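Okay, here's what each chain looks like letter by letter:
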Amino acid sequence: KITVEQDRAKSVSQRLKIEDAFADTAKSKFYSSWVYSGIHNLSALPSMNSSQAVASHLHLPRELVQEIVEFLIEHRLCVMTEKGLSYGPQRTHAGADSIWAIQHHKNWRAQAEQKMSLKNSQDLFFTFPMSLSVKDAEAIRKLLPQWIEEIHKIVGPSDSEVVRCLNMDFFEY
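The sections below set out a description of the structure shown in this document.

Criteria and cut-off values
Residues numbered from 1 in each chain as written. Predicted model: local features only at pLDDT ≥ 70, side-chain atom pairs only at ≥ 80, totals over all residues. Heavy atoms only, no water. Pairing = 2+ DSSP bridges. Helix = DSSP H or I, 4+ residues; strand = E, 2+ residues; numbered from the N terminus. Phe/Tyr/Trp six-rings, centres within 6.5 Å; stacked < 30°, edge-to-face > 60°. Buried < 20%, exposed > 50% of the residue type's maximum accessible area, 1.4 Å probe, protein only. Contact = heavy atoms within 4.5 Å. Salt bridge = Lys/Arg side-chain N within 4 Å of Asp/Glu carboxyl O.

**Here we look at the pairing of strand 2 (residues 84-87)**
Here comes step 1: Summarising the sheet, strand 1 (residues 78-81) and strand 2 pair through four bridges and their orientation is antiparallel. Across the sheet, V79 pairs through a bridge with S86, a residue of strand 2.
Here comes step 2: The antiparallel pairing of strand 1 with strand 2 creates a hairpin that spans two residues between the two strands.

Next up, the structure:
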């Protein structure tokens, strides 16, 4: 029982408690490219209330963005209001056991690699290979899901003014 509870505490999906009614066929499309979740998150910004605004911001063809917006609306990840495109009621999460998690991580890490070369002072990239005790490694591993949960609590009620991506890796090599 203790081991089960410890494993549950390590699970980000268990901590975030996101109800995910998103169909598997839609997930396969959504997680095929960072653009789907990128546009989904941008739709929360009042200034990103149209396909044209999003396309301009992301430097992508408007036709592509419009196609993705239609997909997001169809699956309730976005909605169209009197003010235009907006964040929808549906949520999705690719947990560690999801077949789409690896692709989702790769998509956003590829975006991070591109952004590194731009050297924007607002961005932060940090790599910290380390040597430490097993006890301290376990302590850090235990802290990370708690930290993610705390960030989720901040992001949830936060006003949508900017979009950011946080990639985090902690692994033995």
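Read on, since the account is not over.
**Here's the deal with the packing of aromatic side chains**
Here comes step 1: Under the definition given, this model contains five aromatic pairs.
Here comes step 2: With 5.3 Å between their ring centres and 80 degrees between their planes, Y36 and F71 make a pair best called edge-to-face. Here Y36, found in helix 4 (residues 34-42), pairs with F71, found in helix 6 (residues 62-74); they are 35 residues apart in sequence, far enough to count as distant.
Here comes step 3: Looking at Y36, the relative accessible area reads 8%, which means it is buried.

**What about the side chain of S51?**
Here comes step 1: With respect to the secondary-structure elements, S51 resides in helix 5 (residues 51-58).
Here comes step 2: Of the residues examined, S51 reaches a relative accessible area of 8% and is grouped as buried.
Here comes step 3: For S51, the contacting residues outside a window of four places in its chain are R62, V65, Q66 and V69.

**What to know about the pattern of salt bridges**
Here comes step 1: Considering all chains together, one arrives at two salt bridges under this definition.
Here comes step 2: Between R109 and D169 there is a salt bridge whose closest N-O contact spans 2.3 Å. Residue R109 is found in helix 7 (residues 101-116), and its partner D169 is found in the segment after helix 8 (134-155); the two are separated by 60 residues along the sequence.
Here comes step 3: D169 gets classed as partly exposed once you look at its relative accessible area, which sits at 49%.
Here comes step 4: The shortest N-O distance in the salt bridge between E150 and K153 comes to 3.4 Å. Of this pair, E150 and K153 both sit in helix 8, three residues apart, which is roughly one turn of the helix.

**Quick look at unusual backbone geometry**
In most cases, non-glycine residues show a negative phi, while peptide bonds are predominantly trans.
Here comes step 1: At H59, a position not held by glycine, the phi torsion is positive, near 55 degrees.
Here comes step 2: By relative accessible area, which is 71% here, H59 ends up exposed.
Here comes step 3: Backbone geometry places K119, a non-glycine residue, at a positive phi of 55 degrees.
Here comes step 4: The topology assignment puts K119 in the loop between helix 7 and helix 8.
Here comes step 5: When its relative accessible area of 73% is taken as the criterion, K119 is described as exposed.

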